[in-house]
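# Secondary and tertiary structure notes
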Amino acid sequence: MLLIHHWDTDGICSASMLIEEIGEEIDNMVPFIGNYFLTEEEKERCFGYDKIYIVDLALPEEDITSLLKHAGVTIFDHHLYKPIEGVKVINPLVRGEEQYRYPSTTWVLKEHFGRKVDFLAVLGVVGDNEERIMENRIFRKVIERFCKKEKTRFEDLLRAVHLIDSNYKLNMKKEVEKIPWLLRDMDIKDILEHPMWNRNNEILEEEIQEIVSNEDAWIKKGKTLIIEINTTHNIISSIARKIAWSTGMDTVVMNRGLDRYVQIYVRSKNNLTGLIDLLKEKNLKAGGKRDVVGILAEREKAEEILEFVVNFLEKNDER
Ligand SMILES: [Mn+2]
């Protein structure tokens, strides 16, 4: 069996939960970090398996179709997409449930396997939503109850998420793939005191702080902020989140620091599902949730796509 999972805290904790549920006779991998699809080599690696689990990752339909040729595929997820034929999909959002009731894939797994509210489930929820989860009436209670029981604080959970996420942000794919196994024997203190993850986090915090404090470099177009960055680290979503939350504006971050693609990341107060559909119609590598969209654009097309996104945000705001 093979488990393909997302590289962030929710994906890692979900992978850890699934290993607990279905046993250790399973190999796990994450896609090349930053790719929400499988490369040809990765698809080849999948050939050796006849049962594949995909967790917290909305891979393109054509990738899944190619896996289906030699394997049974089961997906656990909370991203939005149309149901895929021949695949077992455990995703409450696909059957019309509201996103706020399923803020993480760990929560989908917890419900599916009838597990208790444990450390993994809660870390996944905090990972995907950070401070915003405290505005969710249901989950604020869930987290407060958990913190009281486990004698921990929300700030510590948040810090644990940042420490785990530091691995993918610095492109440490091998390390990321080890964490679902490590977490089974770690408690919150082990995470908070992990020496390498703390060193990682310092490097990242410094870089992010420098970017979000450089307001002179922000471009304002109507009600949208555009921020251009140039980094090899996977910090685009952290930057978009920080700036969108501190300004209350729709925020588009464009990263030109990667080899093959220009990365564009959008965060908005308005519903972006229409934008995801439009981008997919244009055959672009795009995906996301209600309030965020990530796009990998070919270098020559980046400006055009940026303009398209900004126009969508302006029009969307009027409705
Ligand atoms: Mn997730």
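Our structure is the block above this text.
Report follows, based on the coordinates.

What counts, and where the lines are drawn
Residues numbered from 1 in each chain as written. Predicted model: local features only at pLDDT ≥ 70, side-chain atom pairs only at ≥ 80, totals over all residues. Heavy atoms only, no water. Helix = DSSP H or I, 4+ residues; strand = E, 2+ residues; numbered from the N terminus. Contact = heavy atoms within 4.5 Å. Buried < 20%, exposed > 50% of the residue type's maximum accessible area, 1.4 Å probe, protein only. Pairing = 2+ DSSP bridges. Core = buried A, V, L, I, M, F, W, Y, C linked by side-chain atoms within 4.5 Å.

A word on the side chain of N255. Mapped onto the fold, N255 is located in strand β8 (residues 250-255). Those residues in contact with N255 that sit more than four places away from it in its chain are I229, N230, T231, H233, I236, Y261, V262 and Q263.

Note that N35 resides in the loop between β2 (27-29) and α2 (40-46). Residue N35 is classed as buried on the basis of its relative accessible area, which comes to 3%.

Here we take up the pairing of β8. Most of β8 is tucked away, with six of its six residues classed as buried. Residue alternation in β8 divides its side chains into two sets, D250, V252 and M254 and T251, V253 and N255, and both sets are buried. Summarising the sheet, strand β7 (residues 224-229) and β8 pair through six bridges and their orientation is parallel. Bridge assignment links L225 to a residue of β8, and that residue is T251.

Here we come to the nonpolar core. Of all hydrophobic cores here, the largest spans 49 residues; its most connected members are L123, I143, L157, L183 and I191. Among the elements of the structure, α1 (9-22), β3 (51-55), α4 (105-113), α5 (119-129), α6 (137-150), α7 (154-169), α8 (173-182) and α9 (188-192) are those that each provide at least two residues to this core. The element that contributes the greatest number of residues to this core is α7, accounting for eight residues. Once residues within four sequence positions are removed from consideration, I143 is found in contact with V122, V125, V126, I133, M134, F154 and L157.

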